[in-house]
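Residues per chain are reported as follows:
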Amino acid sequence: MTGAKDRMRQKKMKNQPRNVTYSSTGRNVERGQGSLASGWVRGHQTGGQGYSRDLPKYITASHFANARAAEVNGMLKAVSKPAGSCHVFNALPKHMRRRAMSHNTKRLPSRLREGAHKLMERSQQTEKDKKQLPKRRSRKARRRHGNLLLEFNRRQKKNKWLETHIWHAKRFHMLKRWSYCLPHKPTAKTYRSSYRAMNTHALLQDLSYFCCLELQGSEEQILSALCRLTSKDTGPTFGAGLFLSGSRQGSVHLYRADEYPHGSLGPADFLWRPRAPHTSHRQLWIWIHPVLKAEVVSELQLVCQCFEVLSTSEEICSVEGTLVGQKRKRDNEVDCSNTPSKKLLGDCTRAAGTPVCWGSADTAITISDLTMEIVRYRLIGPLAHMVLTDTLQPANEDKETVKPSDFWWPNHSKDQTNMKLHQQQTDTFQLLRGVCSTGEVPAGCVLGLTVDDPRLSLPQRRIKTIPGLQPCADECRVRDLTLRGVAAHCSESALWDASVRHSVTHNQMSQQELNRMRSEALVPGSRLVAPPQGCVPVLLVHQPGRVRGEERRHWGSGWDLLLPKGWGMAFWIPLVYRGVRVGGLHMSVKHSQFKGQPHFPHGYPDCPAGTLFQSEQEAELIEKFKRRPPSKRTNYIKHGCLAPFCCPWQQLTEEWEELVKLNEGTSSICRTGPPEFTLLRSLRVLRQLSVWCCPSRSRPVTHPPLTPEVAAALQEEWGRSLLWVRLRLMSKGQPALHAMVCIPTVSDLQLLLKDRRISGPLEPLHKDHVKNMINSKHKASHASKGSSSAPHMNPSKALPVGLIRGVWPQPLPSVLSHCSRLTLGWVVEGDFSLAAGCGEALAYISVSGLLRLLLQQPQEQRGVVLLRNPSSLQYRYAQIIVDI
């Protein structure tokens, strides 16, 4: 009899007297028949042959009667005293029960009325003790505009909302990231259609969650302070002449003050305001990811010496004594219909007294936090400029207003210098219609413009913007625009002025007034007359797209539209009505992957934000792994995968450094504390590695040769560094997250020479020693529970904490030589690339390992590596590509 049958028999016989015994002949088992001849047998037996028909040999009357009495008492107790969740009338037979008995005790028999009265009194007393909650208001009252605003303001206490949050929440899966509530993926299947929009039309994204920091002061003082946060080895910095004029937007990588190449913070975009005549005062905007805001502000305060708080956030979001984030009162406490409510604009959820502006008397530099003060939309695709020219209409000169107006545009248009500049900007904007693709415009061009309210020209139904068939009338000026870009003076915009932004935000025409104007229009659907408060200053910033490498140049380029706060939905709906697709965070990651560039913070493991993201991703993947049934989980130990959920970069760089020193015959240097690994961003070294990774047939003629001496010098300088590379599979296959990049052996390269379409070698199956440890632990625990006389055993004492079946426990063994091929790095982003038409992966590899790989491989097979997914034993051949 098996253990399960024994337990079932014990459960059924637990109330039976132990003195009931059967004859010894009734317990024999016929082994040949494979069933019990007599005694207790679970289940029905055909013909009743398996049941014992023999009477017990003898019983003791007293014990037998006590057992039966206990069963009878249990049944009476269950009938007379029902459970606490049941009522007294449940003791009645079913044919005597009535629904009215629950609230009218006179319908019960007299013998049960007393118990029913006690139960009713106890329930009433419990209700009195509880807090009296008011009745919930009707849906009609909750859906009133003022009450909705109060509720929305309360819900933004912890996670800020973008101005397009309501629109996205109806169509997207929302994520709470970086103290924002952001759209992740659409609820519909739009992955391929979003790619087609990026490739042939336009994709729209809301990037207003990016933080904007403004620096004002002398140009010399600002540049001397910011040069400590960057390095010219990584590319142009804040002081580059191309960006200093204000006609182009630049990108840099920020480090802690004077710590390059260590102390990496993250990427940043910057934009200078064009120079004003006869003044050295400059204005600079730095756009950073929200997760970098606290660290970047601290470093800017340090280098600019701006520790004096000039202004703080005020309680501008208070609504008649009801602060934002405070739970709104119920109807019985205050009439919310009479309580005025305001829509939150900008970052109004900051606590009162939070510093937003810092200054310095020594350097005369002012740092201002403009988070959510400027709305930023991004249009990605070759027809992004066509969508903008269809949606935006440049403002006209206001000639009717003679007296000084409360609005900014009538006063601004009275100056002929301003109107002359506005006309030049309008002509440049109209020239964009003659450009065939967004990628033809020089990278980073900036165009300032003042446009009318786009709601005035909103089409009646959704259309799709297509390029016109007629050629441009002024082809020479269009050609000059594509070669030289926008002139520096045309990059000026009133959006830089805080007073203009404040006036435009708080004088916006309401939707009710706009609907009234539409109803009074003589021709339905015609363009409405622009009121004086409907002129909005904007900035158009070109995004270059793919700028590294030789393949798919300028793919993914587009335009960024910068607006003052409060005008988000006024521009969002007209853009959507031009037929663009809308993407979220998921498409931002895919856009970077298709461009072959790292996405922040996914592809920045040397930054604190990247380390935090990796730890959160590891916890998420482990929880997802545990939710699967044990029989459906991948055994990563047998597959030889040490780190399926994270990438131990520090351990990889240290092991490669030790291996190189052992091969050179030098002793390892004792370090007081091993320095953290770095990422190789030096353009000079990247150019050399890019040439060396190319096979001899595609390598340029003039290139420095790779010799052991040159490799040793690079090893000495960048030994503990990682290199960002792009891997393209040479045959079929789809790389996955955390796939291993390995060095092929000589036999692997010979197989590739014989057949270019070969899949690759196989990794031998590994032995799972952790499974034996877990099994021994379970056996020891069962043995300790079953034997009371045995000494106490602690089987988990020698086992690691948090042991998971199929996953290597910490600390990990050697990640370099664990498999049959040496590990070079791991994939951080991998998938089938719709842009390339094959499997592509973006990975980080060790610089020391790459130099050893290139020295050992023949000239015609330089840069060939093996790629293996964590859940597979199959290696795939891939080619390393270093884009610069």
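Counting restarts for each chain: residues are numbered from 1 in the order of the written sequence. Owing to the predicted nature of the model, reporting of local features is limited to residues with pLDDT of at least 70; listing and counting of side-chain atom pairs is limited to 80 or more, with chain, interface and lining totals taken over all residues. Heavy atoms throughout the structure, all of them, feed into the side-chain values; hydrogens and water do not.

A.B. asks: Would you mind going over the overall build of the protein chain with me for this structure?
C.D. replies: Helix and strand counts for the protein chain come out as 25 helices and 25 strands. Sorting the 884 residues of the protein chain into buried and exposed places 46% on the buried side. A separation of at least 24 residues holds for 76% of the contacts in the protein chain among residues at least 6 apart in sequence. If you sum the accessible surface of the protein chain, you get close to 46900 Å²; carbon and sulfur atoms cover 52% of it. Starting at the N terminus, helices and strands are each numbered in turn, a helix being any DSSP run of H or I of at least four residues and a strand any DSSP run of E of at least two. Categorising residues by exposure relies on relative accessible area from a 1.4 Å probe, with only protein chains included: less than 20% of the type maximum marks a residue as buried, more than 50% marks it as exposed, and the intermediate range marks it as partly exposed. Every residue pair with non-hydrogen atoms within 4.5 Å of one another is taken to be in contact. What sets the accessible areas is the Shrake-Rupley method with a 1.4 Å probe; for residues, cover comes only from the shown protein chains.

A.B. asks: Please clarify how the side chain of S368 should be interpreted in this entry.
C.D. replies: Inspection of the secondary structure puts S368 in strand 13 (residues 366-369). The exposure class assigned to S368 is buried, which follows from its relative accessible area of 12%. Ignoring anything within four residues of it in the chain, the contact list for S368 reads C212, L213, E214, V356 and C357.

A.B. asks: What am I meant to see in the packing of aromatic side chains here?
C.D. replies: The description of two aromatic rings rests on the distance between their centres and on the angle between their planes. Here a Phe, Tyr or Trp ring, Trp counted by its six-membered ring, pairs with any other such ring whose centre lies within 6.5 Å, and the pair is stacked when the planes are under 30 degrees apart, edge-to-face when over 60, and tilted otherwise. Enumeration over the complete set of coordinates arrives at 23 aromatic pairs. With a centroid separation of 6.3 Å and 70 degrees between ring planes, the pair formed by W567 and F571 is classed as edge-to-face. The pair W567 / F571 is uniform in exposure class, with both members buried. An aromatic cluster of at least three residues, connected via ring pairs, comprises W178, Y180, Y209 and F210. Note on geometry: a ring has a charge over it if NZ (lysine) or CZ (arginine) is within 6 Å of the ring centre and within 35 degrees of the ring normal. Directly above the aromatic system of W287 lies the positively charged group of R376, at a separation of 4.6 Å from the ring centroid.

A.B. asks: Would you explain the nonpolar core in this entry?
C.D. replies: Taken as a class, soluble globular proteins show a tendency for nonpolar side chains to be buried jointly. Nonpolar cores were defined as sets of buried Ala, Val, Leu, Ile, Met, Phe, Trp, Tyr and Cys residues, with membership established by side-chain atoms within 4.5 Å. With 69 residues, the main nonpolar core has W649, L723, L727, V741, L850 and I880 as its most contacted residues. The element best represented in this core is strand 20 (residues 721-729), accounting for six residues. Once you skip the residues sitting within four places of it in the chain, W649 turns out to touch P605, Q614, F677, L722, W826, V828 and Y844. Core analysis: the next-biggest nonpolar cluster, separate from the first, contains 46 residues, F429, V435, C535 and F571 among them.

A.B. asks: Got a minute to help me understand the pairing of strand 7 (residues 211-218) in this structure?
C.D. replies: Successive residues of a regular strand alternate their side chains across the two faces of the sheet. Extensive coverage of strand 7 is indicated by the burial of six of its eight residues. Here, a strand pair is defined by DSSP locating no fewer than two bridges between the strands. Relative to strand 10 (residues 281-288), strand 7 runs antiparallel, the two being bridged by eight bridges. Within strand 10, the residue paired with E214 across the bridge is W285. Strand direction decides the pairing type here: strand 7 and strand 13, joined by four bridges, are antiparallel.

A.B. asks: Help me understand the packing of helix 20 (residues 649-664) against helix 25 (residues 847-856) in this model?
C.D. replies: Taken N-terminus to C-terminus, the directions of helix 20 and helix 25 make an angle of 45 degrees; their axes are 8 Å apart at the nearest point. Taken together, the axes of helix 20 and helix 25 are oblique relative to one another. Of the residues in helix 25, those touching helix 20 at W656, L659, V660 and N663 are S848, G849 and R852. When the residues that make up the contact of helix 20 with helix 25 are grouped by side-chain class, the tally is three nonpolar, three polar and one charged. As a rule, the C-alpha atoms of each element are fitted with a line to give its axis, helices using only the stretch in contact, and angles between N-to-C directions run from 0 to 180 degrees. Oblique is the label for any angle not under 35 degrees, not over 145, and not in the 65 to 115 range, which are roughly parallel, roughly antiparallel and roughly perpendicular in turn. Note that Gly is not counted as nonpolar here; it falls among the polar residues with everything else outside the nonpolar set of Ala, Val, Leu, Ile, Met, Phe, Trp, Tyr, Cys and Pro and the charged set of Asp, Glu, Lys and Arg.

A.B. asks: Is there a simple way to explain the pattern of salt bridges in this structure?
C.D. replies: If charged atoms from side chains of opposite charge come close, those side chains can pair. Each salt bridge in this description consists of a side-chain nitrogen of Lys or Arg and a carboxyl oxygen of Asp or Glu lying within 4 Å of one another. What the rule picks out here adds up to 31 salt bridges. Across the salt bridge formed by R546 and D883, the nearest N and O atoms sit 3.3 Å from each other. Taken as a pair, R546 in the loop between strand 16 (535-543) and strand 17 (558-564) and D883 in the segment after strand 25 (876-881) lie far apart in primary sequence, 337 residues in all. The class for R546 is buried, based on a relative accessible area of 1%. A relative accessible area of 12% places D883 in the buried class. One continuous salt-bridge network, built from bridges that share partners, spans R546, E551, R726, R728, E840 and D883.

A.B. asks: Is there a simple way to explain a positive patch on the surface in this structure?
C.D. replies: Each patch is built from residues lacking any salt bridge and having more than 30% relative accessible area; the joining distance is 9 Å for like charges and 5 Å for nonpolar side chains (Val, Leu, Ile, Met, Phe, Trp, Tyr). In this count, Lys and Arg are taken as positive residues and Asp and Glu as negative ones, while His and the chain termini are left out. By convention, charge coordinates are those of NZ in Lys, CZ in Arg, CG in Asp, or CD in Glu. Taken together, R192, R196, R462, K464 and R581 make up a surface patch of like positive charges. Mapping R581 onto the fold places it in strand 18 (residues 581-582). A residue is classified by how much of its surface remains accessible, and R581, at 36% relative accessible area, is partly exposed.

A.B. asks: Teacher, can you tell me more about the pairing of strand 17 here?
C.D. replies: With respect to burial, strand 17 is a largely interior element, seven of its seven residues being buried. Alternating positions in strand 17 separate into two faces, G558, D560, L562 and P564 on one and W559, L561 and L563 on the other, with burial throughout. Sheet analysis places strand 14 (residues 374-380) next to strand 17, joined by seven bridges and oriented antiparallel. Bridge assignment links I374 to a residue of strand 17, and that residue is P564. Both strand 16 and strand 17 contribute to a ladder of five bridges, which runs antiparallel. Opposite Q543, over in strand 17, you have G558 as the bridge partner.

A.B. asks: Mind showing me how you'd approach the state of the cysteines here?
C.D. replies: The bond known as a disulfide is covalent and runs between the sulfur atoms of two cysteines. Here, a disulfide means two cysteine sulfur atoms that sit within 2.5 Å of each other. Within the structure shown, the criterion is met by zero disulfides. The cysteine C212 is free of any disulfide, with C211 supplying the nearest cysteine sulfur at 9.0 Å. No disulfide involves C694; its sulfur sits 7.1 Å from the nearest other cysteine sulfur, which is in C693. Judged by its relative accessible area of 25%, C694 falls in the partly exposed class.

A.B. asks: What exactly am I supposed to notice about the sheet that holds strand 6 (residues 203-206) here?
C.D. replies: Backbone-to-backbone hydrogen bonds pair the strands of a sheet. The strands run either parallel or antiparallel. Pairing within the open sheet is mixed, and its six strands lie in the order 15-16-17-14-6-18. Both edges of this open sheet fall to strand 15 (446-452) and strand 18, since each of them pairs with a single strand only. Relative to strand 17, helix 11 (residues 384-391) is tilted by about 35 degrees, and along the sheet it contacts strand 14, strand 16 and strand 17. Most of the contacts of helix 15 (residues 498-506) go to strand 16, to which it runs at about 115 degrees, and overall it touches strand 14, strand 16 and strand 17.

A.B. asks: Could you clarify how one ought to interpret helix 23 (residues 746-754) in this entry?
C.D. replies: Side chains three or four residues apart in an α-helix point the same way, a direct result of the helix having 3.6 residues per turn. If you check which residues of helix 23 are buried, you get D748, L749 and L752. One side of helix 23 holds all its buried residues, which, seen down the axis, span an arc of 95 degrees. Turned more than 90 degrees away from the buried face of helix 23 sit V746, L753 and K754, all of them exposed. Elements in contact with the buried residues of helix 23: strand 24 (864-868) and strand 25. This arc is built from the directions going out from the helix axis to the C-beta atoms.

A.B. asks: I tried to follow the sheet that holds strand 3 (residues 160-161) on my own but got confused; where do I start?
C.D. replies: Spatially, three strands are ordered 3-5-4 in an open sheet, and the strand pairing comes out mixed. Strands with a single pairing partner mark the edges of an open sheet, and in this sheet they are strand 3 and strand 4 (172-177). Two strands pair when backbone bridges link them, and strand 3 and strand 5 (residues 180-186) are joined in this way by two bridges, in the parallel orientation. Opposite K160, over in strand 5, you have Y180 as the bridge partner.

A.B. asks: It is not clear to me how the side chain of R821 should be interpreted in this structure. Could you clarify?
C.D. replies: Here R821 shows up in the loop between helix 24 (769-786) and strand 22 (823-833). According to the relative accessible area criterion, R821 is buried, its value standing at 11%. Leaving out residues up to four positions away in the same chain, R821 has contacts with C742, I743, T745, D748, P761, L762, E763, L816, L866 and Y875.

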